[in-house]
Amino acid sequence: MQMHNTIRDEVLLDVRSLETHFYGEESVTHALGGISFQIMKGETVGVVGESGCGKSVTALSILRLLPKLTARTVGGEVRFHGQDLLKLSEQEMRKIRGGKIAMIFQDPMTSLNPVYTVGHQIAEAIQIHTGVSRSSALTEAEEMLRFVRIADPERRVSNYPYEMSGGMRQRVMIAMALACSPELLIADEPTTALDVTIQAQILRLIVDLKERTGTAVMFITHDLGVVAETCQRVIVMYAGRIVEQASVMDLFARPMHPYTQALMHSVPDRRRGRQSRLPEIPGIVPNLRDPIIGCSFAPRCPFAIDICREKTPVLRDIESGHAAACWRSEEIVCA
Amino acid sequence: MRMSGPLLKVEDLTKHYPIGAGFLRKPFSAVRAVEDVSFSVEAGETLCIVGESGCGKSTVARLLMRLVDPTGGRVLIDGTDIAGLKKHELRAYRRRMQMVFQDPYSSLNPRLTAGQIITEPVENYERLSRKQREALAADLLHKVGMSPEMMHRLPSELSGGQRQRLGIARALALKPSIIIADEAVSALDVSVQAQILNLLMDLQQQLGIAFVFISHDLGVVEHLGHRVAVMYLGRIVELATCEALFAQPVHPYTEALIASAPVPDPTRVRLEAPVAGEVPSPINPPDGCAFHPRCPLAVERCRIEVPPLVPMTDGRVVACHVRAPASGLQAQSAAERDCPTVRLAGANESIRKSEKPNIT
Ligand SMILES: Nc1ncnc2c1ncn2[C@@H]1O[C@H](COP(=O)(O)OP(=O)(O)OP(=O)(O)O)[C@@H](O)[C@H]1O
Ligand SMILES: Nc1ncnc2c1ncn2[C@@H]1O[C@H](COP(=O)(O)OP(=O)(O)OP(=O)(O)O)[C@@H](O)[C@H]1O
Ligand code: SF4
Ligand code: SF4
Ligand SMILES: [Mg+2]
Ligand SMILES: [Mg+2]
């Protein structure tokens, strides 16, 4: 960590009190309840949390890609190089997307156009952001497919998305995102459809790219193994809020929020008997329609006491560089 | 009325997708997605399929569901070849077989609400009152850990993992005898995943559901699988009980695969040196054993002859000239034979550990 001190100090992305709502016919979903975090230049930050906790919405809010009619970011700032992205015009924003900030979407089929070949789509992304000629963009597209370990790239460029396997489509998305050497890569579950060997290669590619170009990565994933192997810092979300934030070493060694502890306990483990029941977290996530009073994890938390149901715990440093939003973190961690 | 024999039997299943075909063009070659795949699944059993991206797992799933027609081979359910089924017979079989698709979003009708999506399969077979429909939807959503109010949402209004769970709820709605689950829990965080896996194991116990469970998550496979088929470039290269496979992989690819799984422990440093090798292509598969360009054990024969699946004494089958020579029943472990352990290119490189503090 010492060797990174120089670039560590430079904040690339600074998200402050970001708040996003979805408007339904008769109700409002408070998908993000004010989250704040920073990503340094060249840093890889993992974002983990229960399905539906707001990880993708965070990414889409940063890039302002939420559905126009039903969603709105109602508060906060997204400072990128000090400039608030929420204040830019749509035209300025379009230049940043896919250029300085690239995103790998969770669902490849929704972001790949089914009627164009993958080569065409990668080439187009390259052309828009670098202005090279059509033919050299196509050559580069082929190179990018090879780069993400797709065999036979010279033939695969003329594949339509449906002609590829799930993992190949995901790698096409990765190729598109990396094609323009972004400063910040937001990767939303980029390796979920990949087997472990190709996943390892793709992670290696992202790490290489990072070292070569100093790209910072916001890595949304549910795979704690991937987090452990690639990230320097981890953000844990629950019900639209950040509940814990720490270096990867601290988080795995001493999780301080009961949700994080329960999460780590649920990993299928070879030492547990096969076919046995896996530990679950009882109950389900709170409905984000009703305003949450107190700690949102209280209904499922084994440590909940009265104050938890009355007052919302804020994210605070329990130890230096290790923050948690829990009234009882100190006790829990000592126990 | 169940006949004796396996619930599902697959014989020499093969699928080639023509490529380069198009208007006024002749197909010049094919993607050999699946080659001579055979296996069977008993009622109440979970057969897992693992293998590299693009090796043909989803194609096998689609062939089982008869969503694509095979180039060769047969799929038998209770001894009946599904290729010969008439429309109404196929309908009855479809009711017994459900699939969870790898790509949740494109497999969900974007114009239907979550509630409509999960009750639709049932309504294909019986009429439901509005009340019954809502009760069914609420029950299924609850089972997959979602709140009943979500039944009014469109797929686009759900998170990735919520969509995936919708696909699972839909597959469960008809209480089928067999579920083909293609990367069905890949988008779920471990706690929700645990809940879904527990649900699937419970249903299997209660109703005797069989699963064909395609997954790249070896932890999940080891936990809930009874047997595992390992595929490489369209073919099964090893098929064994879960216990045997994880305790002692025999095929060099299986061994490499198990060694590549990421481990949730940031202090663990991977030091193993990688073995160089190109990812193979099903358009232009290598001659002989498809794994030979990446296999450190490869001998001359591997470049020429496709290794047959050979039964071993512990009941598994393995396709490898070196570790499972076709001369007869084998019972050897890597250690006994003093073979080098196998690693795949890139798979085991230590991913920049230098920037993490050393914990001593
Ligand atoms: N268009 C929408 N309309 C209404 N609610 C939405 C919409 N999109 C997302 N949501 C809700 O917002 C919450 C956060 O969703 P998000 O997609 O960020 O979850 P996530 O953390 O990425 O989960 P996953 O791991 O399952 O992908 C969810 O509860 C989801 O149902
Ligand atoms: N409709 C199609 N037309 C042409 N080729 C196809 C089609 N569907 C699949 N293929 C090819 O068949 C091969 C096997 O694909 P399949 O989707 O079965 O792989 P998979 O094992 O499921 O991979 P993944 O783990 O990435 O999902 C791939 O090379 C793919 O490109
Ligand atoms: S604040 Fe209370 S309810 Fe919330 S996580 Fe901490 S102990 Fe549990
Ligand atoms: S047959 Fe030869 S190349 Fe193939 S896995 Fe066995 S040793 Fe390796
Ligand atoms: Mg998401
Ligand atoms: Mg697939």
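What counts, and at which threshold
Residues numbered from 1 in each chain as written. Chains lettered and ligands numbered in written order. Predicted model: local features only at pLDDT ≥ 70, side-chain atom pairs only at ≥ 80, totals over all residues. Heavy atoms only, no water. Donors = N, O, S within 2.8 Å, 3.2 Å for Na, K, Ca; no water. Helix = DSSP H or I, 4+ residues; strand = E, 2+ residues; numbered from the N terminus. Pairing = 2+ DSSP bridges. Phe/Tyr/Trp six-rings, centres within 6.5 Å; stacked < 30°, edge-to-face > 60°. Buried < 20%, exposed > 50% of the residue type's maximum accessible area, 1.4 Å probe, protein only. Lys NZ or Arg CZ within 6 Å of the ring centre and 35° of its normal. Expected span 1.5 Å × (residues − 1). Contact = heavy atoms within 4.5 Å. Buried area = accessible area lost by both parts, 1.4 Å probe. Salt bridge = Lys/Arg side-chain N within 4 Å of Asp/Glu carboxyl O. Polar contact = N/O pair within 3.5 Å; in protein donor to acceptor, adjacent residues only side chain to side chain. UniProt positions renumbered as here; feature names shortened; annotations may be inferred. Domains from an automatic or database assignment. Near = heavy atom within 4 Å. Nonpolar A, V, L, I, M, F, W, Y, C, P; charged D, E, K, R; others polar. pLDDT = per-residue confidence, 0-100.

Attention now goes to the coordination of the magnesium ion (ligand 5). Tetrahedral coordination by four donors sets the ideal angle at the metal to 109.5 degrees; octahedral coordination by six donors sets it to 90 or 180 degrees. Here the magnesium ion (ligand 5) is held by the protein donor atoms A:Ser56 (OG) and A:Gln106 (OE1), which lie 2.0 to 2.2 Å from it. Of the two residues, A:Ser56 is situated in helix H2 (residues 55-62) and A:Gln106 in the loop between strand E6 (101-104) and helix H4 (108-111); the sequence distance between them amounts to 50 residues.

Here is the key point about a regular strand: its side chains alternate between the two faces of the sheet. All names here are of chain A. Judged from the 10 bridges that link them, strand E1 (residues 11-23) and strand E2 (residues 28-40) form a sheet pairing that is antiparallel. If you follow Val 11 over to E2, its bridge partner there is Met 40. Linking E1 back to E2 in an antiparallel pair, the connection comprises four residues.

What follows covers the packing of aromatic side chains. For the structure on display, the rule yields seven aromatic pairs over all chains. Seen in terms of ring centroids, A:Tyr259 and A:Phe297 are 5.6 Å apart; in terms of plane orientation they differ by 75°. Their pairing is edge-to-face. Here A:Phe297 lies in the loop between helix H12 (258-265) and helix H13 (306-310) and A:Tyr259 lies in helix H12, a separation of 38 residues in the sequence. Here A:Tyr259 and A:Phe297 have matching classes, each one buried. Aromatic pair B:Tyr232 and B:Tyr253: ring centres 4.8 Å apart, planes at 55°, arrangement tilted. In this pair, B:Tyr232 sits in strand E9 (residues 227-232) while B:Tyr253 sits in helix H9 (residues 252-260), placing the two residues 21 residues apart along the sequence. An aromatic cluster is defined as three or more aromatic residues linked by ring pairs; in this entry it consists of A:Tyr238, A:Tyr259 and A:Phe297. Its end group placed over the ring of B:Tyr125, B:Arg95 keeps NZ or CZ at 4.9 Å from the ring centre.

Moving on, we get to helix H6 (residues 190-207) of chain B. Residue and element names in this part refer to chain B. For H6, spanning 18 residues, the distance from its first C-alpha to its last is 25 Å, which sits close to the expected 26 Å at 1.5 Å a residue. Counting buried residues along H6, 14 of its 18 residues qualify, which places the element largely inside the surrounding structure. Where H6 terminates, the next one or two residues include Gly 208, which has phi positive at roughly 70°.

Listed as interface residues are 81 residues of chain B and, on the opposing side, 71 residues of chain A. Summed over both partners, the interface of chain B with chain A comes to about 6300 Å²; 55% of that surface belongs to carbon and sulfur atoms. For the pair chain B and chain A, the interface holds three salt bridges. B:Arg163 is the partner of A:Asp107 in a salt bridge, and the nearest nitrogen-oxygen pair spans 3.2 Å. At the junction of chain B and chain A, the tally comes to 14 residue pairs in polar contact (both at pLDDT 80 or more).

Using the residue numbers shown here, the UniProt feature "domain: ABC transporter" (unreviewed entry) corresponds to residues 15-264 of chain A. Summarising residues 15-264 of chain A: 40% helix, 27% strand, and an end-to-end C-alpha distance of 26 Å.

Oppositely charged side chains may form a pair once their charged atoms are brought near each other. All names here are of chain A. A full pass over the atoms with the stated rule returns 36 salt bridges over all chains. Here Arg 16 ties to Asp 14 by a salt bridge, and the two come within 2.9 Å at their closest N and O atoms. Exposure remark for Arg 16: the relative accessible area of 39% places this residue in the partly exposed category. Arg 79 is the partner of Glu 77 in a salt bridge, and the nearest nitrogen-oxygen pair spans 2.8 Å. Taking the relative accessible area as the measure of exposure, Arg 79 reaches 24% and is therefore partly exposed. When salt bridges with common partners are traced through the structure, they connect Asp 14, Arg 16, Glu 77 and Arg 79 into a single cluster.

Residue and element names in this part refer to chain B. By the assigned domains, chain B splits into domain 1 (8-96 + 178-189 + 205-262 + 272-353) and domain 2 (105-175). The contact between domain 1 and domain 2 buries some 950 Å² in all, and 58% of this surface belongs to carbon and sulfur atoms. Three residues, Arg 91, Arg 95 and Leu 188, lead the burial of domain 1 against domain 2; their summed loss comes to 55% of the area buried on that side. For the pair domain 1 and domain 2, the number of links is one salt bridge. Our count for the domain 1 to domain 2 interface comes out at eight residue pairs in polar contact (both at pLDDT 80 or more). Broken down by element, the residue count for the side of domain 1 that touches domain 2 peaks at three residues, all from helix H2 (residues 87-96).

Attention now moves to the site of ligand 3. Around ligand 3 there are 13 residues in total, and A:Cys295, A:Cys301, A:Cys308, A:Cys326 and A:Trp327 lie nearest to it. Among the residues forming the shell around ligand 3, the class breakdown is 11 nonpolar, one polar and one charged.

Below, the discussion takes up the site of ligand 4. What surrounds ligand 4 is a group of 13 residues, the closest being B:Cys289, B:Cys295, B:Cys302, B:Cys320 and B:His321. A class-by-class count of the residues in the shell around ligand 4 yields 10 nonpolar, three polar and no charged.

Another aspect to go through is the confidence of the model for chain B. Residue and element names in this part refer to chain B. On average, residues of chain B carry a pLDDT of 84, and 83% of them reach 70 or more. Taken as a whole, residues 331-340 scores under 50 in pLDDT and shows 15 contacts with residues more than four places along the chain or in a different chain. Here residues 345-360 scores under 50 on pLDDT; set against residues more than four positions off or in separate chains, the count is 57 contacts. Reported confidences for the modelled complex are a pTM of 0.89 and an ipTM of 0.88.

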